[in-house]
Every structure is written in C-alpha cells, then in structure tokens.
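Listed here are the chains, written in short residue letters.
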Amino acid sequence: MIKLFDVYVEITDTIGVKGKLHDVCMLSFTGEVRGGYFNGKVIDAGVDTQKMSKDGRMLLSARYMLEGTDIDGNECRCFIENNGSFDDGFIPEIVTDSPALSEFEGAELKAEIETKENGVIVSIFG
C-alpha cells in the first residue's frame, strides 16, 4: 500500500457523557492535509466519536470533509469516514469528486494513527 496523505488533526473541543454501559466522547477538530495525492485542509469541523465500554474496549468513528488539490493539481473535496480501534486497526472510506482520486472509492484502505500534542496524525494508505 502507498501513503495517500497525512491529516494533521488539531482538536478544538470535546463533549462527553458517562453512561451505565459506555462512556462516549465527541472531539471536534480542524486540520491540515499533506501528501503526494492530496493537499488541503479539514473544512468546517470534523468529529471523532470515541465509545468506550466499561471493560475498556474503545471504538472510534471519525467523519470529516477535506478541501484542497489532488495529485493532478485540480481543486476537489474528499469525505473521509474512518472506523476502528487501536486493537483491530482503522479502516477509512473515501468519497471524492476528484477523477484522480476516484480509484480509491470502494478500494481497500487502511489508516494509521499517531498521537501528538493536542491531536493526532492520521495517515491514509491505499
């Protein structure tokens, strides 16, 4: 797999609730995107929902819209939905209006997440 791009996530807000069976935290974020296939930014605010069961198992689901330029230099948008866990890995899905990136819609993708101060770096591979 080749790296498509990195999303440098900056967390802007968090809200949460502690329930009987699960705790849920929603993290709003912005960010910048850099890579060989796409460069741009997170538009408006993305949201990462983290659901943790009382036994410690955490599931994450992030959704965000990107705006920028593709590998051919064309302006475009990409929607990313990234689901998974640190135990089982992360599976992103891309929806885009870029002809150059359209081959990654429905393709087998993976994401790696690296924590950093006030956010994470999400690397998308296809």
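Above this note sits the structure.
Each value, and the rule that gives it
Residues numbered from 1 in each chain as written. Predicted model: local features only at pLDDT ≥ 70, side-chain atom pairs only at ≥ 80, totals over all residues. Heavy atoms only, no water. Helix = DSSP H or I, 4+ residues; strand = E, 2+ residues; numbered from the N terminus. Polar contact = N/O pair within 3.5 Å; in protein donor to acceptor, adjacent residues only side chain to side chain. Contact = heavy atoms within 4.5 Å. Core = buried A, V, L, I, M, F, W, Y, C linked by side-chain atoms within 4.5 Å. Buried < 20%, exposed > 50% of the residue type's maximum accessible area, 1.4 Å probe, protein only. Phe/Tyr/Trp six-rings, centres within 6.5 Å; stacked < 30°, edge-to-face > 60°. Lys NZ or Arg CZ within 6 Å of the ring centre and 35° of its normal.

(A) Here's a closer look at the side chain of threonine 96. As for its placement among the helices and strands, threonine 96 is situated in strand 6 (residues 89-96). Side-chain polar atoms of threonine 96 contact the backbone oxygen of arginine 77, separated by 2.8 Å. Among all residues touching threonine 96, those that are not within four sequence positions of it are Arg77, Cys78, Leu101, Ser102 and Glu105.

(B) Layout of the nonpolar core. If you look at the biggest cluster of nonpolar residues, it comprises 23 residues, and the most contacted ones within it are Phe5, Val7, Phe38, Tyr64, Leu66, Ile94 and Ile124. Every element with two or more residues in this core is listed here: strand 1 (3-18), strand 2 (22-34), strand 3 (38-53), strand 4 (58-70), strand 5 (75-85), strand 6 and strand 8 (119-125).

(C) Looking closely at the environment of alanine 62. Turning to its location among the elements, alanine 62 is positioned in strand 4. Through-space distance from the C-alpha of alanine 62 to that of isoleucine 124 is 13 Å; in sequence the pair is 62 residues apart. Here alanine 62 is in contact with Val47, Asp48, Ile80, Glu81 and Asn82, once residues within four sequence places are set aside.

(D) Quick look at the packing of aromatic side chains. Using the criterion set out here, one finds 4 aromatic pairs in the structure. With a centroid separation of 5.3 Å and an interplanar angle of 70 degrees, the aromatic rings of phenylalanine 29 and tyrosine 64 are classed as edge-to-face. In this pair, phenylalanine 29 is assigned in strand 2 and tyrosine 64 in strand 4, connecting sequence segments 35 residues apart. In this structure, phenylalanine 29 and tyrosine 64 share a single accessibility class: buried. Between tyrosine 37 and phenylalanine 104, the aromatic rings sit 5.7 Å apart at their centres with planes inclined by 90 degrees, giving edge-to-face as the arrangement. Placement of the pair is tyrosine 37 in the loop between strand 2 and strand 3 and phenylalanine 104 in the loop between strand 6 and strand 7 (110-116), with a sequence separation of 67 residues. By relative accessible area, phenylalanine 104 is classed as buried at 7%. Over the ring of tyrosine 8 we find arginine 34; its NZ or CZ atom is 4.0 Å from the centre of that ring. The ring of phenylalanine 125 has lysine 110 sitting right over it, with the charged end atom 5.4 Å from the ring centre.

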